[in-house]
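# Overview (structure and organization)
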Amino acid sequence: MANPFVDDAKIIREDNPFESMMQRFDEAAARLHLDPNIYKILRWPNREITFYIPVLMDDGNYQVFTAYRVQHNFARGPAKGGVRYGPDVCLDEVRALAAWMTWKCAVVNIPFGGAKGGIICEPRQMSPSELERLTRRYTAELLDFIGPERDVPAPDMNTNEQVMAWMMDTYSMHARHTVTAVVTGKPVEIGGSLGRREATGRGLLIVCNEACRKYNLDPERTRVVIQGCGNVGGVAALLMMQEGYKIVGMADLTGALYNKTGLDVKSVLGYLKEHKTVEGYVEAEHMTNEEILEMDCDILIPAATENQITSHNADRIKCRILAEGANGPTTAEADEIISEKNIYVVADILANAGGVTVSYFEWVQNRMGFYWTEAEVNSRLKHIMVNAFGDVNRFCEKYKVNTRLASYMLAIDRVAYDTHLRGIYA
Ligand code: NAD
């Protein structure tokens, strides 16, 4: 069936994340022999909202920003997904990210659907008060669409705890009472969960431990390269180093560092915090972002952004295990090459699901008004990630497919079954 969003004349572009997601969806649906009616429904997002928000800038002028919220699916519960600020945000990216949230929540079996939001802006060139006004107006425009039972936003690239605090406050002002469960990823002091900040990185550590166990790799002798030093990559690097892994490569937008005897992750992150660049860091060899992805290592963790491993460089990737911290770092075209090289893939919809899992815990705690210790959060996270890892591997064996396809099949199977159980109100 033709992609509903692409007219026949348009050529599928490898770097379009929505196309990448749809190619995998179609393949997984075909392998599952999905009911044709459910297939038809799951190919479309439930709702897409595009809106234009005027914001008073510090110089006294107004600027109008383009904003999106895509609510992909509600079959298993309220939609869930982050909000991204950036100059390259576009509807196809937000659509893909929203769908990935649906599949991700289903892979780890938590009761959420999927959504994602974004605003086209240059957050680094905006003052905190401009960002606050932008965030509040974005939230106000979405009042009828978000809420603890409807759609629960969270941070993503270039948004953080502060942005979530402004969103929660704006929603609460209109509701006339405090509604903590409207967003997750809030500061702990106002309803955030302990362990949320580290959750995505910790989830990555858990699945890497499971993959190493599968291949009898000893963490102490396992060399890891991580692209991205933010909330996902930076935290994963720290936690993995503490676990004994040797972090031989780290990269951010400003460049890449390599040290075959192991980088001191704390010192790299400290340097980045101070200098905002990896340039000038002395205890490592410097290379480009492209080169670091191709270095010999046991585990490669792309934890920055989409389309980093494509048909152009997949052939030169040398890791044993590819654990995807970012959403969509590997294109559908690269999948086949990676699979032929016998690289074990922990797909994004499993590998980075630790974040949404602890977001689910945050939402649960907000609704109970009772808060767990960090140890409780981490132990529940481990339980869920280890189970999901096992579920994906069982699907691999059952259907004789690679781990990426197995992850999609597991997710689609769950969403399709729940859609069937609820029935279609038509
Ligand atoms: P972040 O903004 O905290 O950090 C992003 C990092 O990637 C920065 O170090 C930045 O310099 C680097 N980067 C960006 N573009 C790059 C490029 N082209 N080459 C090299 N480095 C680049 O963002 P984050 O929250 O860590 O998110 C990273 C990825 O993980 C995104 O794909 C996001 O959707 C995904 N993700 C995030 C979470 C979460 O809880 N934050 C959860 C699941 C998935």
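Scope of this entry: the structure provided in the associated data block. (Residues numbered from 1 in each chain as written. Predicted model: local features only at pLDDT ≥ 70, side-chain atom pairs only at ≥ 80, totals over all residues. Heavy atoms only, no water.)

## Brief notes about the pattern of salt bridges
- If you walk through the whole model with that rule in mind, you get 27 salt bridges.
- Notably, a salt bridge pairs Arg213 with Glu210, separated by 2.6 Å at the nearest N-O pair. With Arg213 and Glu210 both in helix 6 (residues 196–214), this residue pair falls three residues apart, about one helical turn.
- Judged by relative accessible area, Glu210 falls into the buried class, the value being 14%.
- Note that Arg404 is salt-bridged to Asp335, the shortest N-O span being 3.1 Å. With a gap of 69 residues between them, Arg404 in helix 14 (residues 403–422) and Asp335 in helix 10 (residues 332–340) connect regions that are remote in the sequence. Each member of the pair, Arg404 as well as Asp335, is classed as buried.
- If you follow the salt bridges from partner to partner, you end up with Arg24, Glu324, Asp335, Asp348 and Arg404 in one network. (Salt bridge = Lys/Arg side-chain N within 4 Å of Asp/Glu carboxyl O. Helix = DSSP H or I, 4+ residues; strand = E, 2+ residues; numbered from the N terminus. Buried < 20%, exposed > 50% of the residue type's maximum accessible area, 1.4 Å probe, protein only.)

## Considerations on the side chain of Asn327
- Locating Asn327 in the fold gives a position in the loop between strand 11 (321–323) and helix 10.
- Looking at Asn327, the relative accessible area reads 11%, which means it is buried.
- In this structure the side chain of Asn327 is engaged in a polar contact, spanning 2.8 Å, whose partner is the side chain of Lys104.
- Among the polar contacts made by the side chain of Asn327, one reaches the side chain of Asn352 at a distance of 3.1 Å.
- For Asn327, the residues in contact, after removing those within four places along its chain, are Leu97, Trp100, Lys104, Lys116, Asp156, Thr305, Glu306, Asp348 and Asn352. (Polar contact = N/O pair within 3.5 Å; in protein donor to acceptor, adjacent residues only side chain to side chain. Contact = heavy atoms within 4.5 Å.)

## Topic: the sheet that holds strand 9 (residues 285–287)
- Spatially, seven strands are ordered 9-8-7-6-10-11-12 in an open sheet, and the strand pairing comes out mixed. Only two strands of the sheet have a single neighbouring strand rather than two, namely strand 9 and strand 12 (344–346). Along the sheet, successive strands turn relative to each other by an average axial angle of 20 degrees, direction set aside.
- Taken together, the four bridges between strand 6 (residues 223–227) and strand 10 (residues 299–302) define a ladder with parallel strand orientation. Residue Ile226 lies in a different strand from strand 10, and its bridge partner there is Ile301. (Pairing = 2+ DSSP bridges. Axes fitted to C-alpha atoms, helices over the stretch in contact; angles between N-to-C directions.)

## Things to note about empty space enclosed by the protein
- One pass over the structure, following the stated rule, counts one cavity of 30 Å³ or more.
- Each pocket or cavity is described by its volume, and for the largest cavity that value is around 40 Å³.
- For the largest cavity, the full set of lining residues is Phe18, Met21, Met22, Phe25, Leu42, Arg43, Trp44, Pro45, His72 and Trp103.
- Among the elements that make up the lining of the largest cavity, the one with the highest residue count is helix 1 (residues 17–32) (four residues).
- The residue makeup of the lining of the largest cavity, split by class, is eight nonpolar, one polar and one charged. (1 Å grid on protein atoms, 1.4 Å probe; cavity = no way out; pocket = protein on both sides within 12 Å on 5 of 7 lines; lining within 4 Å. Points joined across faces, edges and corners; volume = space filled by probe spheres on them. Nonpolar A, V, L, I, M, F, W, Y, C, P; charged D, E, K, R; others polar.)

## Side note on the side chain of Ser359
- Residue placement: Ser359 occurs in helix 12 (residues 354–368).
- Ser359 sits in the buried class, given a relative accessible area of 1%.
- A polar contact is formed between the side chain of Ser359 and the side chain of Arg196, at a distance of 3.0 Å.
- When residues no more than four places from it in sequence are discounted, the contact partners of Ser359 are Lys80, Ala154, Thr184 and Arg196.

## Observations regarding the packing of helix 6 against helix 7 (residues 233–242)
- It is at 8 Å that the axes of helix 6 and helix 7 come closest, and there the two elements cross at 50 degrees. The angle between helix 6 and helix 7 places the two elements in the oblique class. Crossing hand, helix 6 versus helix 7: right-handed. Contacts between helix 6 and helix 7 pair Arg197, Glu198, Gly201, Arg202, Leu204, Leu205 and Cys208 from the former with Val235, Ala236, Leu239 and Met240 from the latter.
- Considered class by class, the residues forming the contact of helix 6 with helix 7 number seven nonpolar, one polar and three charged. (Parallel < 35°, antiparallel > 145°, perpendicular 65-115°, else oblique. Left-handed = near helix turned anticlockwise from the far one by under 90°.)

## What about the site of the ligand?
- By nearness alone, 23 residues border the ligand, and Arg84, Asp156, Thr200, Val232 and Asn327 come closest of all.
- Between the ligand and Arg84, the relevant distance is 2.9 Å, taken from an oxygen atom to a side-chain nitrogen or oxygen of the residue.
- In the environment of the ligand, an oxygen atom lies 3.5 Å from a nitrogen or oxygen atom belonging to the backbone of Gly325.
- Both of domain 1 (48–179) and domain 2 (199–346) provide at least three residues apiece to the shell around the ligand. (Near = heavy atom within 4 Å. Domains from an automatic or database assignment.)

## Brief notes about helix 1
- In a regular helix each residue adds 1.5 Å, so 16 residues correspond to 22 Å; helix 1 covers 23 Å between its end C-alpha atoms and thus fits that length.
- Inspection of helix 1 places Pro17, Phe18, Glu19, Ser20, Met21, Met22, Arg24, Phe25, Ala28, Ala29 and Leu32 among the buried residues, and these make up the whole buried set.
- Looking at the buried residues of helix 1, the elements they touch are helix 2 (36–42), helix 3 (91–107), helix 10, helix 13 (374–399) and helix 14.
- Its side-chain oxygen 2.8 Å from the backbone nitrogen of Phe18, Asn16 forms the N-cap of helix 1.
- Two residues or fewer after helix 1 comes His33, characterised by a positive phi angle close to 50 degrees. (Expected span 1.5 Å × (residues − 1).)

## Regarding the packing of helix 4 (residues 128–141) against helix 5 (residues 161–175)
- Two numbers describe how helix 4 lies on helix 5: the axes approach to 9 Å, and their chain directions differ by 45 degrees. For the element pair helix 4 / helix 5, the angle class is oblique. As for the relative orientation of helix 4 and helix 5, their crossing is right-handed in sense. Listed contacts from helix 5 to Pro128, Leu131, Glu132, Thr135, Arg136, Tyr138, Thr139 and Ala140 of helix 4 are Val163, Trp166, Met167, Asp169, Thr170, Tyr171 and His174.
- Grouping the constituent residues of the contact of helix 4 with helix 5 by class yields eight nonpolar, four polar and three charged.

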